[in-house]
Amino acid sequence: MIWSDLGIVLSTRKHGENSIILSVLTRQHGRHNGLVRGGAGKRLSAIAQPGNLLHLEWKGRLDEHLGQFTLELEESYSAKALHSREKLTYLNVVCAMCETCLADRQPVEGLFGATLILLDMLDQPRLWPEIYQRWELGLLNELGFGLDLTSCAATGQTGDLIYISPKTGRAVSRDAGEPYKNKLFPLPHHLLVDEIKPTKKDLLSAFTITGHFLDRCVLAPMNKKIPSARTRFIDRMK
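Procedures and definitions
- Residues numbered from 1 in each chain as written.
- Predicted model: local features only at pLDDT ≥ 70, side-chain atom pairs only at ≥ 80, totals over all residues.
- Heavy atoms only, no water.
- Axes fitted to C-alpha atoms, helices over the stretch in contact; angles between N-to-C directions.
- Helix = DSSP H or I, 4+ residues; strand = E, 2+ residues; numbered from the N terminus.
- Parallel < 35°, antiparallel > 145°, perpendicular 65-115°, else oblique.
- Contact = heavy atoms within 4.5 Å.
- Nonpolar A, V, L, I, M, F, W, Y, C, P; charged D, E, K, R; others polar.
- Buried < 20%, exposed > 50% of the residue type's maximum accessible area, 1.4 Å probe, protein only.
- Polar contact = N/O pair within 3.5 Å; in protein donor to acceptor, adjacent residues only side chain to side chain.
- Salt bridge = Lys/Arg side-chain N within 4 Å of Asp/Glu carboxyl O.
- Pairing = 2+ DSSP bridges.

K.L.:
Before we go on, may I ask you to explain the packing of helix 3 (residues 85-101) against helix 7 (residues 200-219) in this structure?
P.N.:
To characterise two packed helices, one gives the angle between the axes of the helices and the distance between these axes. At a closest axis distance of 11 Å, the pairing of helix 3 and helix 7 adopts a crossing angle of 30 degrees. Here helix 3 is positioned roughly parallel relative to helix 7, judged by the angle of their axes. Counted together, Met97, Thr100 and Cys101 of helix 3 and Leu214, Val218 and Leu219 of helix 7 form the full contact between these two elements. Looking at the contact of helix 3 with helix 7 residue by residue, the class counts come to 5 nonpolar, 1 polar and no charged.

Encoded structure:
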């Protein structure tokens, strides 16, 4: 079995004296692991840094085997973040969320493209948190747990939506949600109207919502927790 693809490095772990197990997010093959012989050496370890975009070739006797990667560097995003704590925080949260939330070898081609956009935007610190927040919404969609903000879950009306149900991920109108408002998430208005520029408070509110559903729907069934890199990113925003 042989295939070639583009992949974003998510993590590495040492295997034996000179090799590593490389975890990557690929365009066509989802999150995928493979052995890199000599990966602990100076040349390959410099290439296999989290966030870097690689051209990969995977070989294995059977598709379900670990297999081996050979790799070439396409774009060194890790170098762009090397001397900036802020950029490094951004790069780490993306890699950690992909590594933690994505099932092995589950195709997520749309998410791969969105992740490349995030990496390309590392030099835009004012815009990055907003784009990353949209990325988390896309991650929920990709995994089948997207929010439904089109109409009120209780009445079906499309106007005056100001809450989100923590159980269903659906919007709730002002009147329908009033008796339960202490149990509902406030709905940040920029999630309904793309043209609205979110404030820091809006973004933090949105991250509370996406974090809740990622934890409840994606991570808890796998006995995993929200990565500490995301917690540090949120704390840095605050």
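K.L.:
How should the side chain of serine 165 be read in this particular structure?
P.N.:
Relative to the elements of secondary structure, serine 165 occurs in the loop between strand 6 (161-164) and strand 7 (171-173). Using a relative accessible area of 13% as the deciding quantity, one classes serine 165 as buried. From its side chain, serine 165 meets the backbone nitrogen of threonine 168 in a polar contact 3.3 Å long. Apart from residues no more than four positions distant in its own chain, serine 165 is found in contact with Arg170, Val172, Leu184 and Phe213.

K.L.:
Looking at this structure, I do not really get the side chain of histidine 32. What am I missing?
P.N.:
Within the secondary structure, histidine 32 is located in strand 3 (residues 30-36). Among the residues examined, histidine 32 registers a relative accessible area of 2% and is labelled buried. Among the polar contacts listed, one links the side chain of histidine 32 to the side chain of arginine 105, at a separation of 3.3 Å. Beyond its immediate stretch of four places on either side in the chain, histidine 32 contacts Trp3, Leu22, Ser23, Val24, Thr26, Trp58, Phe69, Asp104 and Arg105.

K.L.:
Would you mind going over the pattern of salt bridges with me for this structure?
P.N.:
Opposite charge on two side chains makes pairing possible when the charged atoms of those side chains draw close. If you walk through the whole model with that rule in mind, you get 10 salt bridges. Between glutamate 75 and lysine 80 there is a salt bridge, and its shortest N-O distance comes to 3.6 Å. The partly exposed category is assigned to glutamate 75, whose relative accessible area is 29%. The shortest N-O distance in the salt bridge between arginine 174 and aspartate 160 comes to 3.1 Å. One end of the pair, arginine 174, is in helix 6 (residues 174-177); the other, aspartate 160, is in the loop between helix 5 (128-142) and strand 6, and 14 residues separate them in sequence. Taking the relative accessible area as the measure of exposure, arginine 174 reaches 40% and is therefore partly exposed.

K.L.:
How should I be thinking about the pairing of strand 4 (residues 53-59) in this particular structure?
P.N.:
For a regular strand, the rule is simple: side chains alternate between the two faces of the sheet. The pairing of strand 1 (residues 2-15) with strand 4 spans 7 bridges and is classified as antiparallel. The residue bridging serine 4 from the neighbouring strand is glutamate 57, located in strand 4. Here strand 4 pairs with strand 5 (residues 68-75) via 7 bridges, running antiparallel. Paired with tryptophan 58 across the strands is phenylalanine 69, a residue of strand 5.

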